[in-house]
Amino acid sequence: MRIAQVLIPLPLPEAFDYAEPEAMSLAVGDVVAAPLGPRLVRGVVTGLRDGAGVNRPLKLVAGRIETPPLPPQSLAFVEWAARYAVDQPGQPLAIALRGSTAPKERPQRVAQLTGKAPARMTPARERVLAAAAGAELAPAALARAAGVSAGVVSALIADGVLAEAFRETAVDFAPPDPEHARPTLNPSQAAALTELERLVASDRFGVALLDGVTGSGKTEVYLEAAAAALRRAPDAQVLILLPEIALTEAVIARIAARFGAEPAAWHSGVAPQRRRRVWEAVARGKCRIVVGARSALFLPFAKLRLIVVDEEHDGSYKQEDGFIYQARDLAVARAKLGDAPVVLASATPSLETLWNAETGRYRWLRLASRHGGALLPTISLVDLRASPPEPGRWLSPPLIIAMKEALTRGEQALLFLNRRGYAPVVLCRACGERLSAPDSDSWLVEHRYSGRLVCHLTGFSMPKPDRCPHCGAKQSLVSVGPGVERVEEEARELFPDARLAVFSSDTVAGPDAARELIAAMAEGEIDILVATQGAAKGHNFPNLTLVGVVDADLGLRGGDLRAAERTFQLLAQVAGRAGRWQKPGRALLQTWAPEHPVMQALAAQDRDAFVALEMAEREAAGLPPFGRLAAVIVSGSDAAALDGFVRDFAAAAPNAEGVDVFGPADAPFSLVRGRRRKRFLVRADRAVDLQAFLAAWRARTKVPGSVRLTIDVDPYSFL
Ligand code: ADP
């Protein structure tokens, strides 16, 4: 008898032992059903050992589930990620299995070769036969893959050269052709590619930073690196990670044009049945390019040869709830496990990545100028103390004049404000009360489109009342400060003939709506786009020449570790939307603090100066990338139990060299959904194994059922 260790995708501390039924011949990676209490649950076999001599009674594995097994590298990655995040391995396993559990797609029609030779051969028919030999595709997809009209395929079916069959889910993705449409690279792109090709050809782990200003052609270069990886083997796979779903469509279109075949998309907007198809095809090596959000890292790649992390500095790579991880860092770990290279691309790399490049751990490839001679936009600061907007308004006279000029020339303007809704605060004029959510200590944000007050922390919402809930005064509530909806209102009054649109997660419900709005902007159907950060990244709007940043200081106010870095990156990205093509662009940043080093560096377009300053400050404080950080957040609805636990937990902190524990302190949001929250912050020298320290600490106290303890390694949010 053998014993199977089965890891279950639930927050459990370890894999459980089961007995392997006679003749099941399980293998590591197999997905099985196993009894857990009264239920049958799905799990993955992580180990098999001889059961001779074991005399405790073990439950039997119930059966194997018909799905491809998890490859060894995926399993190793799940275990590595759990240790990194100081979390239970079932948590990342749940992400890794997410695609395999959806219902199957309805049967799909595919065209198969019958073996009969066509009566007459033409070049078009030849291409169809070649494509059909490479993959099982639906007739329409086969025609697209071969670059022929649907008629060619139906004639071959009528001839009996191809036969139609139905397949459950096993419909392949058209294989990408690395030679399909090769671009001509400019000299600095070609130099960067040579380095990347060398890295790809080594079949070894290595990290390259592709560092180039917006519009320098980084995408073009990393697609060529992808081509090099695809050429390595007929089943080699490439993963391209993007920070925003809104960006995937544009990249998918570019990949389809470059490789003559659509890649698979992987993000929360992909339907479950489709996800299952992608998951299975990735495991069988039949899906060779995946474009996805962070969770795509956990797909069961059979032969991953390259990972690209585009906009690597982007904070969206940090997953903040459930299993907490930084996808850029995990991408590097995943590549290492698979002896594959990683390309990190950005115009404003994170300090962590720059530090790795400066110290020689990463190869540093630079693209210094925009492709085709397009100029970078000029960036100027609008000092709001000298040129304030009218009272109750948010656009300053210099920005209004610049908008007028751009619109007169028939060009587009983008107004950027990273704040959803109409007004961030609603105040009672009579009693001074600020409206906050009933179970959380965050302000309610007014949304005029929906007529509701919304808590952005928890999603709680209520209709806007007509009297103050605190003092009962009628008509006393006033909206304070601007959100995108209010800026749109102001722009509409100033430019009644202009075509306006708002891009925020409230106006753009999903990837389809995002794609439509972005296409409308790219095609010039919008004159003024008021947008939060979703529209600020990555897109090419040929006729956009003016970017106005309504509140450049907004991101600096949070005061957390990365406030300055994030503000610099975001505003440099936003400004980079202007003048991407022939027309010169400009960006105006409205600020109350033009002397702030971030504003000065942006105006001078001097990234190096900003980075040097910020690095020096981090180094002096021993903060990342010069030290390590982790947060421990403890919450509970029973105040006494929470306080008792926090006291015990604080006292249990191990004494370790090179580690400082700060706290406990009330979290800035100290009440969320009725739960009180306390935070600890741990700072450690780089040489310290921070994860081991945290795991040891947690193991020293028993967490009561009413208390939740969350560890956040390398925190991005300090709330
Ligand atoms: P980045 O990713 O650095 O922002 P892109 O790769 O999107 O830059 O390139 C910016 C624009 O220039 C795109 O429209 C792209 O198609 C074009 N471009 C870049 N490199 C080339 C090239 N070698 N040949 C033709 N067009 C290019």
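From a predicted model like this one, the values you see are computed outputs, not experimental measurements. (Residues numbered from 1 in each chain as written. Predicted model: local features only at pLDDT ≥ 70, side-chain atom pairs only at ≥ 80, totals over all residues. Heavy atoms only, no water.)

### What to know about the overall build of the protein
For step 1, the next point in the chain: Secondary structure summary: the protein contains 19 helices and 31 strands in total.
For step 2, the next point in the chain: For 719 residues, the compact-globule formula gives about 27 Å, and the C-alpha radius of gyration of the protein, at 28 Å, lands near that figure.
For step 3, the next point in the chain: When the backbone C-alpha atoms are referred to their principal axes, the protein occupies close to 80 × 70 × 55 Å.
For step 4, the next point in the chain: Within the protein, residue pairs in contact and separated by at least 24 positions form 75% of the contacts whose partners lie at least 6 positions apart.
For step 5, the next point in the chain: Surface accessibility of the protein: about 30,200 Å² in total, with carbon and sulfur atoms responsible for 52%. (Helix = DSSP H or I, 4+ residues; strand = E, 2+ residues; numbered from the N terminus. Rg over C-alpha atoms; globule rule 2.2 N^0.38 Å. Contact = heavy atoms within 4.5 Å. Areas by Shrake-Rupley, 256 points an atom, 1.4 Å probe, with all protein chains shown as cover.)

### Focus on helix H11 (residues 351-358)
For step 1, the next point in the chain: In terms of burial, H11 is a largely internal element, seven of the eight residues being buried.
For step 2, the next point in the chain: Those residues of H11 that fall on the buried side of the exposure criterion are Leu351, Glu352, Thr353, Leu354, Trp355, Asn356 and Ala357.
For step 3, the next point in the chain: Those residues of H11 that are buried lie in contact with strand E8 (206-212), helix H10 (327-337), strand E15 (341-346), strand E16 (363-367), helix H15 (563-575) and helix H17 (607-621).
For step 4, the next point in the chain: Two residues or fewer past H11, glycine 360 is found with a positive phi of approximately 85°. (Buried < 20%, exposed > 50% of the residue type's maximum accessible area, 1.4 Å probe, protein only.)

### Topic: the nonpolar core
For step 1, the next point in the chain: Ranked by size, the top nonpolar core spans 112 residues in total, and within it Leu297, Phe298, Phe503, Leu529 and Leu694 carry the most contacts.
For step 2, the next point in the chain: Setting aside its immediate chain neighbours within four residues, phenylalanine 503 contacts Ala246, Val508, Ala514, Leu517, Ile518, Leu529, Val530, Ala531, Thr532, Gly534 and Ala535.
For step 3, the next point in the chain: Grouped together as the second largest cluster of nonpolar side chains are 35 residues, Val200, Val221, Ala225 and Ile240 included. (Core = buried A, V, L, I, M, F, W, Y, C linked by side-chain atoms within 4.5 Å.)

### With respect to the packing of aromatic side chains
For step 1, the next point in the chain: Under the definition given, this model contains twelve aromatic pairs.
For step 2, the next point in the chain: Arranged with centres 5.5 Å apart and planes meeting at 80°, the rings of phenylalanine 298 and tyrosine 325 form a pair that is edge-to-face. Here tyrosine 325 lies in strand E14 (residues 325-326) and phenylalanine 298 lies in the loop between strand E11 (289-292) and strand E12 (304-310), a separation of 27 residues in the sequence. Exposure class is identical for phenylalanine 298 and tyrosine 325. Each is buried.
For step 3, the next point in the chain: Consider the rings of phenylalanine 568 and phenylalanine 610, whose centres lie 4.5 Å apart with planes at 10°: the pair is stacked. One end of the pair, phenylalanine 568, is in helix H15; the other, phenylalanine 610, is in helix H17, with 42 residues separating them in the sequence. (Phe/Tyr/Trp six-rings, centres within 6.5 Å; stacked < 30°, edge-to-face > 60°.)

### Some thoughts on helix H7 (residues 218-232)
For step 1, the next point in the chain: The terminal C-alpha atoms of H7 lie 22 Å apart, and with 15 residues this matches the ideal 21 Å at 1.5 Å per residue to within 8%.
For step 2, the next point in the chain: Of all 15 residues in H7, twelve are buried, a share of seventy percent or more.
For step 3, the next point in the chain: What H7 keeps buried is the set Lys218, Thr219, Val221, Tyr222, Leu223, Glu224, Ala225, Ala226, Ala227, Ala228, Ala229 and Leu230. (Expected span 1.5 Å × (residues − 1).)

### Section: the sheet that holds strand E31 (residues 707-713)
For step 1, the next point in the chain: Strand order in this open sheet of four strands is E29-E30-E28-E31, and the pairing throughout is antiparallel. Since the sheet does not close on itself, it has two edges, and those belong to strand E29 (659-672) and E31, each with one partner. Going across the sheet, the axis of each strand differs from the next one's by a mean of 20°, ignoring polarity.
For step 2, the next point in the chain: Looking at chain direction, E29 and strand E30 (residues 675-685) are connected through eight bridges and run antiparallel. Directly across from valine 672, in E30, lies its bridge partner arginine 675. (Pairing = 2+ DSSP bridges. Axes fitted to C-alpha atoms, helices over the stretch in contact; angles between N-to-C directions.)

### A look at empty space enclosed by the protein
For step 1, the next point in the chain: Scanning the entire structure with this criterion turns up five cavities of 30 Å³ or more.
For step 2, the next point in the chain: There is about 70 Å³ of room inside the largest cavity.
For step 3, the next point in the chain: Lining the largest cavity, in full, are His313, Gly315, Arg328, Ser350, Glu352, Arg562, Glu565, Arg566, Gln569 and Tyr716.
For step 4, the next point in the chain: A total of three residues in the lining of the largest cavity trace back to one element, the largest contributor, which is H15.
For step 5, the next point in the chain: Of the voids in this model, the second largest cavity is the one considered here, and its volume is about 60 Å³.
For step 6, the next point in the chain: For the second largest cavity, the full set of lining residues is Phe173, Ala174, Pro175, Pro176, Ala261, Glu262, Pro263, Ala264, Lys286, Cys287, Arg288 and Ile289.
For step 7, the next point in the chain: Considering only residue class, the lining of the second largest cavity consists of nine nonpolar, no polar and three charged. (1 Å grid on protein atoms, 1.4 Å probe; cavity = no way out; pocket = protein on both sides within 12 Å on 5 of 7 lines; lining within 4 Å. Points joined across faces, edges and corners; volume = space filled by probe spheres on them. Nonpolar A, V, L, I, M, F, W, Y, C, P; charged D, E, K, R; others polar.)

### Here we look at the site of the ligand
For step 1, the next point in the chain: Taken together, 16 residues surround the ligand, and among them Thr184, Gln189, Lys218, Thr219 and Arg254 come closest.
For step 2, the next point in the chain: Lysine 218 places a polar main-chain atom, nitrogen or oxygen, 2.8 Å from an oxygen atom of the ligand.
For step 3, the next point in the chain: In isolation the ligand offers 550 Å² of accessible surface; the protein chains occlude 77% of this area.
For step 4, the next point in the chain: Here the residues of the shell around the ligand sort into three nonpolar, nine polar and four charged. (Near = heavy atom within 4 Å. Polar contact = N/O pair within 3.5 Å; in protein donor to acceptor, adjacent residues only side chain to side chain.)

### So, the packing of helix H1 (residues 72-85) against helix H2 (residues 90-97)
For step 1, the next point in the chain: Relative orientation of the contacting elements H1 and H2 amounts to 140°, with a least axis distance of 8 Å. As judged from the angle between their axes, H1 and H2 are oblique. Between H1 and H2 lies a crossing whose hand is right-handed. Residues Val78, Ala81 and Ala82 of H1 form the contact with H2, whose participating residues are Pro92, Leu93 and Ala96.
For step 2, the next point in the chain: Residue composition of the contact of H1 with H2, by class: six nonpolar, no polar and no charged. (Parallel < 35°, antiparallel > 145°, perpendicular 65-115°, else oblique. Left-handed = near helix turned anticlockwise from the far one by under 90°.)

### Here's the deal with the pattern of salt bridges
For step 1, the next point in the chain: Taken as a whole and judged by the stated rule, the model has 39 salt bridges.
For step 2, the next point in the chain: Notably, a salt bridge pairs glutamate 179 with arginine 231, separated by 2.7 Å at the nearest N-O pair. Linking glutamate 179 in the loop between strand E7 (162-167) and helix H6 (187-201) with arginine 231 in helix H7, this pair joins segments that are 52 residues apart in sequence.
For step 3, the next point in the chain: Among the charged side chains, a salt-bridge network with shared partners connects Glu446, Arg448, Lys464 and Glu489. (Salt bridge = Lys/Arg side-chain N within 4 Å of Asp/Glu carboxyl O.)

### What to know about the side chain of arginine 125
For step 1, the next point in the chain: If you trace the backbone, arginine 125 turns up in helix H3 (residues 123-134).
For step 2, the next point in the chain: Of the polar contacts made by the side chain of arginine 125, one reaches the backbone oxygen of arginine 120; its length is 3.1 Å.
For step 3, the next point in the chain: Once residues lying within four places of it in the same chain are set aside, the contact partners of arginine 125 are Pro118, Arg120, Val152, Ala155, Leu156 and Asp159.

### Things to note about the side chain of glutamine 189
For step 1, the next point in the chain: Inspection of the secondary structure puts glutamine 189 in helix H6.
For step 2, the next point in the chain: Of note is the side chain of glutamine 189, whose polar atom sits 3.4 Å from the backbone oxygen of serine 216.
For step 3, the next point in the chain: Beyond its immediate chain neighbours, meaning those up to four positions away, glutamine 189 contacts Ser216, Gly217, Glu220, Val221, Leu367 and His371.

### Quick look at the packing of H3 against helix H5 (residues 150-159)
For step 1, the next point in the chain: Direction vectors running N to C along H3 and H5 enclose 75°, while the axes themselves pass 10 Å from each other. Looking at the two axes, H3 sits roughly perpendicular to H5. The segment H3 lies against H5, with Ala124, Arg125, Val128 and Leu129 engaging Val152, Val153, Ala155, Leu156 and Asp159.
For step 2, the next point in the chain: Class assignment for the residues of the contact of H3 with H5 results in seven nonpolar, no polar and two charged.

### Some points on unusual backbone geometry
For step 1, the next point in the chain: Looking along the chain, the bond that leaves proline 624 and enters proline 625 is cis, with omega of 5°.
For step 2, the next point in the chain: The omega angle of the peptide bond from glycine 663 to proline 664 is 5°, so this bond is cis rather than trans.
For step 3, the next point in the chain: Within the fold, proline 664 resides in strand E29.
For step 4, the next point in the chain: Phi angles above zero are rare outside glycine, and arginine 673 is one such case at about 50°.
For step 5, the next point in the chain: Note that arginine 673 resides in the loop between E29 and E30.

Take it as geometry only, folks, not as evidence of what the structure does.
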